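Architecture and fold: a report
One-letter residues, chain by chain:
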Amino acid sequence: MRAALQVLRRAPRLRHQSTAAAQKTVDDAFLASLEALATTSQSPDVRKLHGDDESHHEPIPPEVVAFPESTEEVAAILKLCNEQSIAVVPYGAGTSLEGHIQASRGGV
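Here's what I pulled together on the structure shown here.

What counts and what doesn't
- Residues numbered from 1 in each chain as written.
- Predicted model: local features only at pLDDT ≥ 70, side-chain atom pairs only at ≥ 80, totals over all residues.
- Heavy atoms only, no water.
- Helix = DSSP H or I, 4+ residues; strand = E, 2+ residues; numbered from the N terminus.
- Contact = heavy atoms within 4.5 Å.
- Areas by Shrake-Rupley, 256 points an atom, 1.4 Å probe, with all protein chains shown as cover.
- Axes fitted to C-alpha atoms, helices over the stretch in contact; angles between N-to-C directions.
- Parallel < 35°, antiparallel > 145°, perpendicular 65-115°, else oblique.
- Left-handed = near helix turned anticlockwise from the far one by under 90°.
- Nonpolar A, V, L, I, M, F, W, Y, C, P; charged D, E, K, R; others polar.
- Buried < 20%, exposed > 50% of the residue type's maximum accessible area, 1.4 Å probe, protein only.
- Core = buried A, V, L, I, M, F, W, Y, C linked by side-chain atoms within 4.5 Å.
- Polar contact = N/O pair within 3.5 Å; in protein donor to acceptor, adjacent residues only side chain to side chain.

What follows deals with the overall build of the protein. Scanning the protein from terminus to terminus reveals four helices and two strands. Across the protein, helices and strands are ordered from the amino to the carboxyl terminus as α-α-β-α-β-α. Considering only contacts in the protein between residues 6 or more positions apart, those separated by 24 or more positions represent 66%. Carbon and sulfur atoms make up 53% of the accessible area of the protein, which amounts to about 7700 Å² in all.

And the structure:
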């Protein structure tokens with residue numbers, strides 16, 4: 001246990017660029033790269049569905065919705081979003097009561 005803690009203490013600290021100013025919006029080049037990885041939709045109805053939940057908050061839809069069909073596709077999408085500093089909001093059944101799925105910073 002002590003050895004593991006020592007390794008963690010020596011490891012460099014990760015600095016995440018998660019501020020609103022650091023997040024970028026989806027552009028045509030990103031969208032083309034994303035579409036090469038998985039099926040996507042920018043339909044207003046699909047986007048609204050994926051930005052709305054059971055909370056009392058107004059829906060905040062993502063800029064684009066991706067429909068990965070495998071773990072590999074999920075990994076590739078997350079890698080692309082990380083490289084481009086695009087926000088990612090995971091979506092399950094849309095039953096959140098606290099607004100977890102709202103895309104307050106846009107993204108996928």
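Glancing now at the packing of helix 2 (residues 28-37) against helix 4 (residues 71-84). Relative to each other, helix 2 and helix 4 sit at 165°, their axes nearing to 10 Å. Between helix 2 and helix 4, the angle falls in the class roughly antiparallel. By crossing handedness, the relation of helix 2 to helix 4 is classed as right-handed. For the pair helix 2 and helix 4, contact is made by Phe30, Ser33, Leu34 and Leu37 and by Glu73, Ala76, Ile77, Leu80, Cys81 and Gln84, respectively. A breakdown of the residues in the contact of helix 2 with helix 4 according to their chemical character gives seven nonpolar, two polar and one charged.

Mapped onto the elements of the fold, His57 is located in the loop between helix 3 (44-49) and strand 2 (65-67). Its relative accessible area of 34% is what places His57 among the partly exposed residues. Sequence separation between His57 and Gln102 is 45 residues, and the spatial gap between their C-alpha atoms is 8.8 Å.

Take the nonpolar core next. In this structure, Val26, Phe30, Leu31, Leu34, Ala38, Val64, Ala66, Ile77, Leu80, Cys81, Ile86 and Val108 together form the largest nonpolar core, which totals twelve residues. Among the elements of the structure, helix 2 and helix 4 are those that each provide at least two residues to this core. Here Cys81 is in contact with Phe30, Ile86, Val88 and Val108, once residues within four sequence places are set aside.

Take the side chain of His50 next. With respect to the element layout, His50 can be found in the loop between helix 3 and strand 2. A polar contact of 2.9 Å, which involves the side chain of His50, links it to the backbone oxygen of Val46.

Once that is clear, we can look at the side chain of Glu63. Positionally, Glu63 belongs in the loop between helix 3 and strand 2. Here Gly107 takes part through its backbone nitrogen, which lies 2.7 Å from a polar atom of the side chain of Glu63. Contacts of Glu63, omitting those with residues within four sequence positions, involve Thr25, Val26, Gln42, Arg47, Gly106 and Gly107.

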